[in-house]
Amino acid sequence: MKKLDFFPSPYPDECYYSILCRYHVQCGNEYPAETIYELFGNSQNQTSTIFVPRRMELVDIWLLDIAETMKESIINNHTMYPYMSTHYPEVLVDAIEQIRRGIECGASVDLKYVQKARRLWSSHLRFCSQCMHEDKKKYGESYWHRIYQLPEIERCPKHGGWIQNTDIPIRMTRIRFFPASSYYEASQIQTREHALGKYVVQYELIASSTEWLLENGLESKEAWLTRRITDIWEEKGRRISLTDIRQEMSIKSNTYRKYGEMIDALIKQLNSENQ
Ligand SMILES: [Zn+2]
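All figures in this text were calculated on a predicted structure; none of them were measured in a lab.

Caption draft 1: How the structure looks around the overall build of the chain. For the chain, the helix and strand inventory stands at 12 helices and 2 strands. Secondary structure elements in the chain, listed N-terminal to C-terminal, are α-α-α-α-α-α-α-β-α-β-α-α-α-α. With the principal axes as the frame, the chain shows a C-alpha extent of 70 × 50 × 30 Å. Burial statistics for the chain: of 275 residues in total, 29% are counted as buried. For the chain, restricting intrachain contacts to residue pairs at least 6 apart in sequence, the fraction spanning at least 24 positions comes to 74%.

In structure tokens:
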């Protein structure tokens, strides 16, 4: 692996895999294996890069001066990490924090990310045709958006249209690059009635909450606890106790040891507003 001569600037909500696809096209290699070897030094499954930040330590080698910024951007804006971190085990959250600080997390942790990503695989690469057309117009090329690759996302939060499957099976992305621009001509706005039509409102809600999580899922533990406990207090509409909190959400004993004082103070403060 070596310093790269260039690296594509990521587009808004572009998934990491899509950035790598554009790199493959621009670097001029004939075979995907060449690009994968050049970037990663071995053959590895590229599908997981649709979802999780992998081998981030290599960004330091590829990009030198801008590595730090790019790493941060890939983790936060171009993988599902903010969405997944809300229910990741602490060991993986801690590993990402180490990666951010330039500490290598090791092959076993990297493998755990791949396993986590496996649960999110949908059957095909997916897209919103209106987004695709807009991107082409705005940036001169289209790209794979991160949000549409998540399961349960059936509506575009921006255009309100149905998300469509490409005919590219997701398992094919393991060892190949499929840049969205090569798919652009085939993408058409779907006008026929959708099989999920009667659930449109529910799918719109899922899409907008997922979009929110992708943008804001990285809140701190304190912010997360404050939000959850305030929600419980609002739902109950009365004074609450630690028992109420324990019934509604599982707080690990470790967490309570660390944040107990803050939790008690918050309960007290909320209850004083309810008097
Ligand atoms: Zn759209």
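More follows now that the structure is in view.
Caption draft 2: Focus on the domain arrangement of the chain. Domain annotation for the chain reports domain 1 (1-218) and domain 2 (221-273). Averaged C-alpha coordinates put domain 1 and domain 2 at centres separated by 35 Å.

Caption draft 3: The arrangement of helix α4 (residues 67-77) in detail. Taken residue by residue, α4 has Met-70, Lys-71, Ile-74 and Ile-75 as its buried positions. Projected down its long axis, α4 shows its buried positions confined to an angular sector of 130°, all on one face.

Caption draft 4: A look at unusual backbone geometry. The phi angle at Asp-13 is positive, at roughly 60°, despite the residue not being glycine. Note on placement: Asp-13 falls in the segment before α1 (16-27). Note on Asp-13: 20 C-beta atoms within 10 Å, which makes it buried. Of note in the backbone geometry, Arg-55 takes a positive phi value of approximately 50° without being a glycine. Following the sequence through the fold, Arg-55 ends up in the loop between α2 (32-40) and α3 (57-63).

Caption draft 5: Looking closely at the nonpolar core. In this structure, Tyr-17, Leu-20, Met-80, Phe-127, Cys-128 and Ile-163 are the most contacted members of the largest nonpolar core, which totals 46 residues. A per-element tally of this core places α1 first, with 6 residues. Not counting chain neighbours up to four residues away, the residues in contact with Tyr-17 comprise Gln-46, Thr-49, Ile-50, Trp-144 and Thr-173.

Caption draft 6: Up close: the environment of Lys-236. Position of Lys-236 relative to the elements: it lies in helix α10 (residues 221-236). Lys-236 gets classed as partly exposed once you count the C-beta atoms within 10 Å, which come to 14. With 58 residues separating them along the chain, Lys-236 and Phe-178 place their C-alpha atoms 50 Å apart.

Caption draft 7: Seen up close, helix α7 (residues 107-118). With 12 residues, α7 should reach 16 Å at 1.5 Å per residue; the first-to-last C-alpha distance of 17 Å fits that figure. Asp-110, Tyr-113 and Ala-117 are the residues of α7 that are buried. The buried residues of α7 all sit within an arc of 50° when viewed along its axis, so they share a single face. When the buried face of α7 is taken as reference, the exposed residues oriented beyond 90 degrees from it are Ser-108, Leu-111 and Gln-115.

Caption draft 8: Representation of the environment of Gly-106. Among the structural elements, Gly-106 can be located in the loop between α6 (90-100) and α7. Taking the C-alpha atoms as reference points, Gly-106 and Ala-223, separated by 117 residues in sequence, lie 30 Å from one another.

Caption draft 9: The environment of Ser-250, seen in detail. Within the secondary structure layout, Ser-250 lies in the loop between α11 (242-248) and α12 (253-273). In the structure, Ser-250 is positioned 10 residues away from Gly-260 in sequence and 13 Å away in space, judged by C-alpha atoms.

About the criteria used
Residues numbered from 1 in each chain as written. Predicted model: local features only at pLDDT ≥ 70, side-chain atom pairs only at ≥ 80, totals over all residues. Helix = DSSP H or I, 4+ residues; strand = E, 2+ residues; numbered from the N terminus. Buried ≥ 20, exposed ≤ 12 C-beta atoms within 10 Å, placed from the backbone. Contact = placed C-beta atoms within 7 Å. Domains from an automatic or database assignment. Arc of directions from axis to C-beta. Core = buried A, V, L, I, M, F, W, Y, C linked by C-beta atoms within 7 Å. Expected span 1.5 Å × (residues − 1).

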